[in-house]
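Close look at the chain arrangement
Okay, here's what each chain looks like letter by letter:
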Amino acid sequence: MTITSEMLMNSLNMFAFLAVELTLLFLVISYFVGVLQEYIPPAKVQSILSSKKGKGYVVAALLGAITPFCSCSTIPFLKGLIRAKAGFGAMMVFLFSSPLLNPIIIGLFIFTFGLKVAVFYFAIAMVVSVVAGYLLEKLKFERFIRDEAYFDPAKSSCGSGSGSGSCSGSASASINTENQGCGEAVSLESNVVELPNKWLRIWDATWSDFKKALPYLIFGVALGSLIYGVIPTEFIVKVADDSNPLAIPIAAVIGIPLYVKAELIIPLSSALTAQGVNLGAMMALIIGSAGASITEVILLKSIFKNPMIIAFLTVILGMAVMAGFLYRAFF
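Conventions used here
- Residues numbered from 1 in each chain as written.
- Predicted model: local features only at pLDDT ≥ 70, side-chain atom pairs only at ≥ 80, totals over all residues.
- Heavy atoms only, no water.
- Helix = DSSP H or I, 4+ residues; strand = E, 2+ residues; numbered from the N terminus.
- Buried < 20%, exposed > 50% of the residue type's maximum accessible area, 1.4 Å probe, protein only.
- Contact = heavy atoms within 4.5 Å.
- Core = buried A, V, L, I, M, F, W, Y, C linked by side-chain atoms within 4.5 Å.
- Expected span 1.5 Å × (residues − 1).
- UniProt positions renumbered as here; feature names shortened; annotations may be inferred.
- Phe/Tyr/Trp six-rings, centres within 6.5 Å; stacked < 30°, edge-to-face > 60°.
- Axes fitted to C-alpha atoms, helices over the stretch in contact; angles between N-to-C directions.
- Parallel < 35°, antiparallel > 145°, perpendicular 65-115°, else oblique.
- Left-handed = near helix turned anticlockwise from the far one by under 90°.
- Nonpolar A, V, L, I, M, F, W, Y, C, P; charged D, E, K, R; others polar.

So, about the overall build of the protein chain. In terms of regular secondary structure, the protein chain is built from 14 helices and zero strands. The secondary structure elements of the protein chain, listed N-terminal to C-terminal, are α-α-α-α-α-α-α-α-α-α-α-α-α-α. Within the protein chain, buried positions represent 48% of all 331 residues. Sequence-distant contacts, at least 24 apart, represent 83% of the contacts inside the protein chain between residues at least 6 apart.

Let's shift gears to the nonpolar core. Ranked by internal contacts, the top residues of the largest apolar core, which has 88 residues, are Met92, Phe109 and Phe304. It is helix α7 (residues 115-138) that contributes the most residues to this core, eleven residues altogether. If near-sequence neighbours (up to four positions away) are discounted, Phe109 is found in contact with Gly114, Val117, Ala118, Tyr121, Ile266, Met283 and Ile286.

For the rest of this paragraph, the subject is helix α12 (residues 279-291). Taking 1.5 Å per residue as the helical rise, α12 with its 13 residues ought to reach 18 Å, and the 18 Å between its terminal C-alpha atoms agrees with that figure. Here α12 lies mainly inside the structure; 13 of its 13 residues are buried.

A few words now on the side chain of Thr206. Its location among the elements puts Thr206 in helix α8 (residues 198-230). Overall, Thr206 belongs to the buried group, its relative accessible area being 2%. Not counting residues within four places of it along the chain, the set of residues in contact with Thr206 comprises Leu27, Ser30 and Tyr31.

UniProt's entry tags residues 12-36, 56-78, 90-111, 117-136, 213-231, 243-260, 281-303 and 309-330 with the feature "transmembrane region" (unreviewed entry), counted in the numbering of this structure. Secondary structure content for residues 309-330 is 100% helix and 0% strand, and the end C-alpha separation is 32 Å.

So, on to the packing of aromatic side chains. Under the defined criterion, the tally for this structure stands at eleven aromatic pairs. Considering the side-chain rings of Phe109 and Tyr121, the 4.4 Å spacing of their centres and the 25° angle between planes classify their relative orientation as stacked. Placement of Phe109 in helix α6 (residues 103-113) and of Tyr121 in helix α7 is noted, with a sequence separation of twelve residues between them. There is no split in this pair, since Phe109 and Tyr121 are both buried. Geometrically, the ring pair formed by Tyr327 and Phe331 is stacked, given 4.7 Å between the ring centres and 10° between the ring planes. On the basis of relative accessibility, which here comes to 12%, the residue Tyr327 falls in the buried class. Overall, Phe331 belongs to the partly exposed group, its relative accessible area being 41%.

All right, on to the packing of helix α5 (residues 88-100) against α7 then. Following both chains from N to C, one finds α5 and α7 inclined at 155°, their axes separated by 8 Å at the closest point. By the criterion of interaxial angle, the relationship of α5 to α7 is roughly antiparallel. Seen from above, α5 lies across α7 with right-handed handedness. Contact residues: Phe88, Gly89, Ala90, Met92, Val93, Phe96, Ser97 and Leu100 in α5; Tyr121, Ala125, Ser129, Val130, Ala132, Gly133, Leu136 and Glu137 in α7. Each residue belonging to the contact of α5 with α7 can be placed in one class, and the counts come to eleven nonpolar, four polar and one charged.

Among the eleven residues that make up α6, eight are buried, leaving the element largely enclosed by the rest of the structure. Within α6, the full set of buried residues consists of Pro103, Ile104, Ile105, Ile106, Gly107, Leu108, Phe109 and Phe113. Gly114, located one to two residues past α6, shows a positive phi value of around 105°.

What follows is about the environment of Phe331. Along the chain, the position of Phe331 falls in the segment after α14 (306-330). In this structure, the C-alpha to C-alpha distance between Phe331 and Phe120, residues 211 residues apart in sequence, is 10.0 Å. When near neighbours in sequence (up to four residues on either side) are disregarded, Phe331 contacts Lys116, Phe120 and Leu326.

In structure tokens:
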């Protein structure tokens, strides 16, 4: 295939447009989430999910929606909830919904594919997360939590401070239950010097998150722009055409080992759909990649026994495939 100057110009134009649009979008959404977390901190999330009053499945899903964790960063939070004796069903709803209903993903969906697609995605992720959490609790899958997951890590894993309980490292976004050692769990208390103005503090955290996400965002935009401008439409459509009955399941399975961040997969999906790929397959790919990963499964092995791991993967893959086929059928 010969790459022409017109192809390169199309790619560059798309790169400039997406880079500016997604940068502004990321900053605005991240700041808004920071404001929410100022009033609904992780400690409040723990308190709600640990309550035995009512089931709270929908509440757990909504709380997951305002806590912008990726699939792996949800794990330390989950460990804290287990040690706090949170309701099992609510914990599972949170585990499923937190990475999938990430505000960044929802915002990117709205601005990339439109409000209708974003609402469809949100509804599928919300409903399946709630139903899965309810069923897993009713089926007593709580028995597949490893015994050691209920115990605090050894206090020797903490830093060498004089009993202050401060952890070595910069982790600051998870649960710190009573008498909990540091280890792999993370303190809710920030180790960062607080700025005097909370709005400046939120902006500082937003900018810090943006700098961490920037390489993924730029790579995703670059790859998506290159696909948009260079790869022939005919090739992509042939691989993921509506007539291929396996396109959606394959996309869902590929998503899990792929483990790409929303900042990468959304621009990439936008470029692929612009080239003719069915959005149902892209929906399955996004859910698979955002909802689970090989790294997350390995981390979950320290918490769950194999039947629970299988159930977790079944829920994510089932959600991805269902979303893909429903979108293709009704849109």
